[in-house]
Amino acid sequence: MKKCKKCGGVLIFDPNTCGLMCNKCSEHQNFERTNNYNKHPFVMTAHTDEGIDMSQVKFHCPSCGASFEGKNYSLSDICSYCGGHLIANLNEKGLPDAIIPFAFDKQTAKKLFKSGLGKKWFLPDKFKKEPPVGLIESIYIPAYLCEIATDSSYRGRIYENETDRDGNSYRDYEMISGTEPVTTKDIMIECSSYLSQTTLNQIKPYYFSKLYKFRPEFLYGYSVEYYDRNLDKCKSIIEEIVKSNIRTQILRHYRYDGVDYLNIDTTYNECKYSKIVLPSYRVKYTYKQKEYSTFLNGQTGKIGGNIPRSKLKIGLFVGGVIAAICALSAVIVAVVGGL
């Protein structure tokens with residue numbers, strides 16, 4: 001917790017200026033920001049010690065003197081006695097390496113949520129016209145940001161669909177092989193009990209040009225969840241993303257309609273990770289007696305999933321698509337039959 005030198009009020013982070021602002025007199029204070037954050041080496045096949053303590057963090061409030069335990073994996077908390085916003089006193093090894101700060105406040109988040117729903121399909125008309133926005137929470141979500149350099153050798157068989165002079169279809173096969181060096185960047189794996197990897201993918205992208213070296217000032221006035229999984233438990237997801245990217249990079253060299261098989265042998269060369277925290281808003285509301293919790297990207301305003309859908313609109317859309325396919329098929333049959 002940091003006090004204002006002018007009036008003694010509490011300083012909080014202001015998304016509009018990317019600096020600190022007093023909650024009483026609105027005095028502004030800047031602090032140094034840098035993009036030079038740490039990237040730690042690791043080995044995919046060995047244990048990685050990031051220095052993260054998964055136990056409860058103890059807080060001591062410098063304002064009223066109270067001591068208490070925070071929530072599991074919490075990096076910040078609110079003093080239950082005086083309401084002060086507290087940052088955990090962690091050692092440097094346990095702190096995040098980098099942070100993307102919030103780009104807008106809660107009022108703007110509410111407006112972006114309502115306007116963003118207008119771009120969503122199949123929402124009930126009543127909900128779309130006036131969304132019942134309830135509680136809006138600003139939460140920094142923990143994640144790992146990884147960069148993986150690999151060398152791969154591959155061998156496989158692809159094919160193109162062809163038609164002979166008699167109109168018969170057949171596959172023209174081609175054997176392929178070679179080596180492919182690939183560096184997969186910006187692999188982002190969530191480590192939060194609030195959301196899943198699927199939800200994070202729904203509100204992406206985050207733009208890393210605004211990824212700054214971590215400083216506690218970015219957290220003043222905001223809730224922060226700490227890591228609920230270490231890097232070792234995330235390596236299987238990282239490996240899936242890397243393998244998918246390697247396969248894509250290999251196949252982009254070829255022209256094909258399908259892949260018969262593709263065997264890839266990969267060596268991991270240089271692997272790096274950074275512990276980061278990402279801005280998000282969680283919008284909680286009730287619609288037709290059902291509770292919803294929808295996430296909003298705190299940098300771009302992009303809305304995630306878990307929103308009400310109109311079964312009638314979905315049914316009409318699916319029925320229309322089926323009717324269009326049937327009509328097109330009837331036209332094709334009629335044309336072919338007339339030849």
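Coordinates for the structure precede this section.
Here the structure is a predicted model, which means the values were calculated and not measured. (Residues numbered from 1 in each chain as written. Predicted model: local features only at pLDDT ≥ 70, side-chain atom pairs only at ≥ 80, totals over all residues. Heavy atoms only, no water.)

Where strand S10 (residues 135-163) meets strand S14 (residues 258-287), 24 bridges bridge the pair, whose relative direction is antiparallel. Bridge assignment links Ile148 to a residue of S14, and that residue is Cys271. Taken together, the 2 bridges between S10 and strand S13 (residues 223-224) define a ladder with parallel strand orientation. Bridged to Tyr140 within S13 is Val224. As paired elements, S10 and strand S11 (residues 169-190) share 20 bridges and run antiparallel to each other. Each residue of the ladder has a partner; that of Ser152, found in S11, is Glu180. Where S10 hands over to S11, the hairpin turn is made up of 5 residues, of which Gly167 adopts a positive phi near 85 degrees. (Pairing = 2+ DSSP bridges. Helix = DSSP H or I, 4+ residues; strand = E, 2+ residues; numbered from the N terminus.)

Overall, the coordinates contain 15 aromatic pairs when judged by the stated rule. Measuring from centroid to centroid gives 5.6 Å for Phe104 and Tyr281, while their planes differ by 20 degrees, and the two rings are stacked. Of this pair, Phe104 sits in the loop between strand S9 (98-99) and helix H1 (106-117) while Tyr281 is found in strand S14, placing the two residues 177 residues apart along the sequence. Per residue, the accessibility class of Phe104 equals that of Tyr281, and both read buried. Summarising the aromatic geometry, the rings of Tyr140 and Tyr222 are spaced 5.9 Å apart at their centres and angled 65 degrees between planes, so their arrangement reads as edge-to-face. Note that Tyr140 is positioned in strand S10 and Tyr222 in the loop between strand S12 (212-213) and S13, a separation of 82 residues in sequence. (Phe/Tyr/Trp six-rings, centres within 6.5 Å; stacked < 30°, edge-to-face > 60°. Buried < 20%, exposed > 50% of the residue type's maximum accessible area, 1.4 Å probe, protein only.)

Moving on to the environment of Thr184. On the secondary structure map, Thr184 appears in strand S11. Counting along the chain gives 54 residues from Thr184 to Ile238, while the straight-line C-alpha distance between them is 9.9 Å. Among all residues touching Thr184, those that are not within four sequence positions of it are Cys146, Glu147, Ile148, Val242 and Asn245. Polar side-chain contacts of Thr184 include one of 2.9 Å to the side chain of Asn245. (Contact = heavy atoms within 4.5 Å. Polar contact = N/O pair within 3.5 Å; in protein donor to acceptor, adjacent residues only side chain to side chain.)

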